[in-house]
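# Structural overview for review
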Amino acid sequence: MSKEWPLWEVFIRSKTGLDHKHVGSLHAADAQMAIENARDVYTRRMEGVSIWVVESKYIHASNPDDAAILYDPANDKVYRHPTFYDLPDELKHM
Amino acid sequence: MQLADDALILGHRLSEWCGHGPILEQDIAITNTALDHLGQARSLYQYAAELFNGLPETDKLSFITAPAITAKVGKGLPVTEDDFAYLRDSWEFRNVLLVEQPNDDWAYTIARSFFYDHYAVLLFTALESSNDDTLRAIAEKSLKEALYHRKWSSEWVIRLGDGTGESHTRMQEGINERWNYTGELFMSSQADQAMADAGTGAALQLLQGQWSQAIGEVISEATLQVPPADAWMHEGGKDGRHSEHLGYILAEMQYMQRAYPGMEW
């Protein structure tokens, strides 16, 4: 067994209505402790109203070497952007 | 004053873990808690100083005998929260013996906090119905902090008790060794009694039943044993009779103000 406690990724929602953002990681023995540690490490200056934690080993990431095949094909498909609509001026945040 | 001393001394003990915590995250957690205690102590000392400064001269001198403070009173100067913390002598500290006990190891530290935090939650809850506005406001603010401290220390008791054989043994040892200091929490000093009678303070004896039940539940969930309720209990802290540990704490804490009176940085 490893001597180190497992690593956890921490996500904090700063205000009601906004989404949780990744803020960093920490060590903890279990999920409860991870939330409390996150409270002490990442919300001491009133940064958040909600905390998510997930064990880092459960995060799967795309491979940076695959960037070309994953993202480049979208380059010439401008028709996927909804830029051809006329939006009324009153409509914000689009 | 008793409450403020409890908070200050425990806050100081916990702050000794600063930079020594088992891992960075718990180092931050325990020093956060220490700061909460320190904040509670400040509010209470400020209020005590306000009340003290309003007393007639003769009453002031019957209340405090520390030369550094009586000199100030003699000159007609008002005292502050800092004077109470840094210039009183050990026999004038009224904290319970539990909080001045050394950290020893992590399990001892957890046991001490666990017993105190459960008491603090009940105490502040009771003080929320005090007939004193300031005390009620302090209790309201402190209760939120105390609830978190209780959650934190209780979870550690369970985590260690229910953990490995080694952690179980050490947690049980911490509980056993600190158990004899818990009785004093619920023994009323004259001040406790007078304040309870006046509707300002809490009737401590009434809290003991709830306290025993609450810690009993956590301890059994942690697969540990609750020590016997009729065990012999230390007392004296509330009357200013302390263990030798307090002297060392004060020596470290007060050294700067004693050596260089009034210095700031």
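These remarks concern the structure in this document. Remember, predicted model here, so these are calculated numbers, not experimental data.

Bringing the overall build of chain A into the picture now. When you go through chain A residue by residue, the secondary structure sums to two helices and three strands. When the helices and strands of chain A are read in sequence order from the N terminus, they spell out β-β-α-β-α. Over its C-alpha trace chain A gives a radius of gyration of 20 Å, far above what one expects of a compact globule, namely 12 Å for 94 residues. In terms of overall dimensions, chain A has C-alpha extents of about 55 × 40 × 15 Å along its principal axes. The buried share among the 94 residues of chain A stands at 15%. Pairs at least 24 residues apart make up 44% of the contacts formed inside chain A by residues separated by at least 6 positions.

Residue and element names in this part refer to chain B. Where helix 7 (residues 106-127) contacts helix 8 (residues 133-161), the axes come no closer than 7 Å and their chain directions differ by 145 degrees. When the axes of helix 7 and helix 8 are compared, the crossing they make is left-handed. Of the residues contributing to the contact of helix 7 with helix 8, the split by class is 15 nonpolar, seven polar and three charged.

Attention now goes to the nonpolar core. Membership of the largest hydrophobic core comes to 54 residues, with the highest contact counts inside it found for Leu 98 and Val 157 of chain B. Sorting elements by how many residues they give to this core places helix 7 of chain B first, with 13 residues. Residue contacts for Leu 98 of chain B: discarding those within four places in its chain leaves Arg 112, Phe 115, Tyr 116, Arg 178, Tyr 181, Thr 182, Glu 184 and Leu 185 of chain B. Judged by nonpolar contacts, the second largest core, of 10 residues, contains Ile 12, Leu 26, Met 33 and Val 53 of chain A.

Across the boundary between the two partners, chain A contributes 11 residues, which contact eight residues of chain B. Residue assignment for the side of chain A that touches chain B shows that the elements contributing at least two residues are strand 2 (21-27) and helix 1 (31-42) of chain A. Top contributing element to the side of chain A that touches chain B by residue count: helix 1 of chain A, with five residues. When grouped by side-chain class, the residues that make up the side of chain A that touches chain B number five nonpolar, three polar and three charged.

Residues and elements named next belong to chain B. Between its terminal C-alpha atoms helix 12 (residues 244-259) stretches 22 Å, which fits the 22 Å expected from 16 residues at 1.5 Å a residue. Of all bends in helix 12, the biggest is about 45 degrees, found at Met 253. Every buried residue belonging to helix 12 is among Leu 246, Ile 249 and Leu 250, and all of these are buried. Elements in contact with the buried residues of helix 12: helix 1 (2-15) and helix 6 (97-100).

Moving on to the sheet that holds strand 1 (residues 7-13) of chain A. Where strands meet in a sheet, backbone hydrogen bonds hold them as pairs that are either parallel or antiparallel. Residue and element names in this part refer to chain A. Spatially, three strands are ordered 2-1-3 in an open sheet, and the strand pairing comes out antiparallel. In this open sheet, the two strands that pair with only one neighbour each are strand 2 and strand 3 (50-55). Direction aside, neighbouring strands of the sheet carry axes that sit 30 degrees apart on average. The pairing of strand 1 with strand 3 spans six bridges and is classified as antiparallel. Within the sheet, the bridge partner assigned to Trp 8 lies in strand 3 and is Glu 55. Set on the sheet, helix 1 makes contact with strand 1, strand 2 and strand 3; between it and strand 3 the angle comes to about 130 degrees.

Residue and element names in this part refer to chain B. Taken N-terminus to C-terminus, the directions of helix 2 (residues 24-53) and helix 8 make an angle of 165 degrees; their axes are 11 Å apart at the nearest point. With respect to each other, helix 2 and helix 8 are oriented roughly antiparallel. At the point where helix 2 passes helix 8, the crossing takes the left-handed sense. Along the contact surface, helix 2 presents Ala 29, Thr 33, Asp 36, Gln 40, Ser 43, Leu 44 and Tyr 47, while helix 8 presents Thr 134, Ile 138, Ser 142, Glu 145, His 149 and Trp 152.

Residue and element names in this part refer to chain B. In this structure, Ala 222 sits in the loop between helix 11 (205-221) and helix 12. Take Ala 222: there are 23 C-beta atoms within 10 Å of it, and that puts it in the buried class. The spacing of Ala 222 and Arg 136 is 86 residues in sequence and 34 Å in space, taken between C-alpha atoms. Not counting residues within four places of it along the chain, the set of residues in contact with Ala 222 comprises Val 157, Ile 158, Gly 161, Asp 162 and Met 171.

Even without a glycine there, the phi angle at Met 46 of chain A is positive, about 60 degrees. The residue Met 46 of chain A is located in the loop between helix 1 and strand 3 in this model.

On to helix 1 of chain A. Given a rise of 1.5 Å per residue, 12 residues ought to cover 16 Å, and the 16 Å separating the end C-alpha atoms of helix 1 of chain A matches this to within 8%. Listed as buried for helix 1 of chain A are Met 33, Ala 34, Glu 36, Asn 37, Ala 38 and Asp 40 of chain A.

Criteria and thresholds
Residues numbered from 1 in each chain as written. Chains lettered and ligands numbered in written order. Predicted model: local features only at pLDDT ≥ 70, side-chain atom pairs only at ≥ 80, totals over all residues. Helix = DSSP H or I, 4+ residues; strand = E, 2+ residues; numbered from the N terminus. Rg over C-alpha atoms; globule rule 2.2 N^0.38 Å. Buried ≥ 20, exposed ≤ 12 C-beta atoms within 10 Å, placed from the backbone. Contact = placed C-beta atoms within 7 Å. Axes fitted to C-alpha atoms, helices over the stretch in contact; angles between N-to-C directions. Left-handed = near helix turned anticlockwise from the far one by under 90°. Nonpolar A, V, L, I, M, F, W, Y, C, P; charged D, E, K, R; others polar. Core = buried A, V, L, I, M, F, W, Y, C linked by C-beta atoms within 7 Å. Expected span 1.5 Å × (residues − 1). Bend = angle between axes of the 7 residues up to and from the residue. Pairing = 2+ DSSP bridges. Parallel < 35°, antiparallel > 145°, perpendicular 65-115°, else oblique.

Keep in mind these values describe shape, not function.
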